[in-house]
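The primary structure of each chain is shown beneath.
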Amino acid sequence: MSRKNLYIFCLLFGVFFLSSCSQLILTAYGIKQTGTYQNQEIEKLCKKYNVPANACYTLDTAYLGFLFQQDSLYTKDQINNHLQALQVLYFNENGQLTSYHVNCYAGGFPNLNWNRTGAFNTFTPTTTCPVDSIVSLDTQLKYIQPLVSKSTFTKNKIHVFVFWNHFMGRQSKRLIELVKQNSQLTNANNLEIHYINNDNFLAKALE
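What you see is a predicted model; the values in this text were computed from it and never measured.

> Before we move on, can you summarise a positive patch on the surface with the specific residues and values?
A surface patch of like charges, here positive, comprises Lys-32, Lys-48, Arg-170, Lys-173 and Arg-174. In terms of residue count, the dominant contributor to the positive patch is helix 7 (residues 170-183) (three residues). As for its position among the elements, Lys-32 is in the loop between helix 2 (22-29) and helix 3 (39-48). Exposure remark for Lys-32: the relative accessible area of 34% places this residue in the partly exposed category.

> So, the sheet that holds strand 5 (residues 158-164): which residues are in play, and what are the values?
Taken in spatial order, the six strands make up an open sheet running 3-2-5-6-1-4, and their pairing is mixed. Each edge of the open sheet carries a strand with a single partner, namely strand 3 (97-102) and strand 4 (144-146). Taken pair by pair, the neighbouring strands of this sheet meet at an average axis angle of 25°, ignoring direction. With three bridges connecting them, strand 1 (residues 56-59) and strand 6 (residues 191-197) associate as parallel partners. Within strand 6, the position partnered with Tyr-57 by the bridge is Ile-196. On the sheet, helix 7 packs against strand 2 (87-91), strand 5 and strand 6 and is oriented at approximately 165° with respect to strand 5.

> Mind laying out the side chain of Asn-198, listing which residues take part and the relevant values?
Positionally, Asn-198 belongs in the loop between strand 6 and helix 8 (199-205). You can call Asn-198 buried: its relative accessible area is 0%.

> Help me get a handle on the environment of Tyr-90, residues and values and all.
Following the sequence through the fold, Tyr-90 ends up in strand 2. Of the residues examined, Tyr-90 reaches a relative accessible area of 1% and is grouped as buried. Residues Tyr-90 and Val-162, 72 residues apart in the sequence, show an inter-C-alpha distance of 9.0 Å.

> Now, about helix 3: what can you tell me, with residues and values included?
All of the buried residues along helix 3 are Ile-42, Leu-45 and Cys-46. Looking straight down helix 3, one finds that the buried residues subtend no more than 105° of arc, so they occupy a single side. Residues of helix 3 that are exposed and angled more than 90 degrees away from the buried face: Gln-40, Lys-44 and Lys-47. Of the surrounding secondary structure, the elements contacted by the buried residues of helix 3 are strand 1, strand 5, strand 6 and helix 8. With its phi angle positive at about 60°, Asn-50 sits one or two positions after the end of helix 3.

> Explain unusual backbone geometry to me, and be specific about the residues and the numbers.
For the bond running from Phe-109 to Pro-110, omega is 5°, close enough to zero to count as cis. Structurally, the position occupied by Pro-110 is in the loop between strand 3 and helix 6 (137-142). For the peptide bond that leads from Phe-123 to Thr-124, omega is 0°, which places it in the cis range. Inspection of the secondary structure assignment puts Thr-124 in the loop between strand 3 and helix 6. In this structure, Asn-50 is a non-glycine residue whose phi angle is positive, near 60°. Considering the arrangement of structural elements, one finds Asn-50 in the loop between helix 3 and strand 1. Classification of Asn-50 by relative accessible area gives partly exposed; the value is 41%.

> Explain the packing of aromatic side chains residue by residue, including any values.
Under the counting rule described, the total for this entry stands at eight aromatic pairs. Ring centres 5.2 Å apart and planes at 80° place the aromatic pair Tyr-29 and Phe-109 in the edge-to-face group. Here Phe-109 lies in the loop between strand 3 and helix 6 and Tyr-29 lies in helix 2, a separation of 80 residues in the sequence. You can call Tyr-29 buried: its relative accessible area is 7%. A residue is classified by how much of its surface remains accessible, and Phe-109, at 56% relative accessible area, is exposed. With 5.5 Å between their ring centres and 50° between their planes, Tyr-63 and Tyr-143 make a pair best called tilted.

> Mind laying out the pattern of salt bridges, listing which residues take part and the relevant values?
Applying the stated rule across the entire model yields two salt bridges. In this structure, Glu-177 and Lys-180 form a salt bridge, with 3.8 Å as the shortest nitrogen-oxygen distance. Of this pair, Glu-177 and Lys-180 both sit in helix 7, separated by three residues, roughly a single helical turn. A residue is classified by how much of its surface remains accessible, and Glu-177, at 27% relative accessible area, is partly exposed.

Quick notes on the rules
- Along each chain, the written sequence defines residue order, and numbers are assigned to residues from 1.
- At least 70 in pLDDT is required for a residue's local features to be given in this predicted model, at least 80 for side-chain atom pairs to be given and counted, and no such filter applies to totals for whole chains, interfaces and linings, which use all residues.
- In computing side-chain values, all of the structure's heavy atoms are included and hydrogens and water are not.
- Exposure above 30% relative accessible area and no salt bridge define the residues that can form patches, which grow by joining like charges within 9 Å and nonpolar side chains of Val, Leu, Ile, Met, Phe, Trp and Tyr within 5 Å.
- Computed by Shrake-Rupley with a 1.4 Å probe, the accessible areas treat only the displayed protein chains as cover when residues are assessed.
- Salt bridges are defined by distance alone: a side-chain nitrogen of Lys or Arg within 4 Å of a carboxyl oxygen of Asp or Glu.
- We score Asp and Glu as negative and Lys and Arg as positive, and we do not count His or the chain ends.
- Think of each charge as sitting on NZ of Lys, CZ of Arg, CG of Asp or CD of Glu.
- Counting from the N terminus, the helices are the DSSP runs of H or I reaching at least four residues and the strands are the DSSP runs of E reaching at least two.
- Classification of residues uses two cut-offs on accessible area relative to the type maximum, computed with a 1.4 Å probe and protein chains only: under 20% is buried, over 50% is exposed, and between them is partly exposed.
- Whether two strands pair comes down to DSSP finding at least two bridges between them.
- Think of each axis as a best-fit line through the C-alpha atoms, taken over the contacting stretch in the case of a helix, with angles from 0 to 180 degrees between the N-to-C directions.
- Residue contacts are counted whenever heavy atoms from the two residues lie within 4.5 Å of one another.
- Working definition: the arc comes from the directions between the helix axis and the C-beta atoms, pointing outward to the latter.
- Classification of ring pairs uses Phe, Tyr and Trp, with its six-membered ring standing for Trp, and accepts pairs whose centres are within 6.5 Å; under 30 degrees between planes counts as stacked, over 60 as edge-to-face, and the remaining range as tilted.

Read these as layout, nothing more, since geometry by itself doesn't imply function.
Below is the structure:
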């Protein structure tokens, strides 16, 4: 296991030790090597992970600098949550973050168990990660770029931001499907789901 992948593994799952079984655990979770991708490559990943291209965005690597600038205002735990590879954020019609889900709170092996507390049995899902005010809806929009020009954003709707990547392999695919299934519990006309690919962001964070 490379030092970079070990660091990511520790960041994601809170495992702060070296062991001969670490590579086996990474393999069991389906975790891959980090990498950077051009938009055309991300479009192909969208098809692989069943993400609608017109709802797909990429995360600006400048988001990393924004988060690190918050150190004096928020706890390191809160910053760490927003650095995670897999996340889901639910903003209500007024732009307030009301439900937040992060991989390091999910638990589960060999797959992350996002619904172990039944949080996704209702819409909006019950938050499993402490909600904070670090990232507003406007801030989120500032650091994402639509993959294709047809991407749309409508005000006064519930907005869901799903952070996904090829790095987490099937864990990304499982999370995407869970969010889609949960969205069927509400009025689709009042909801927009945005899928944020953060592979390049993760690669930059671990340079």
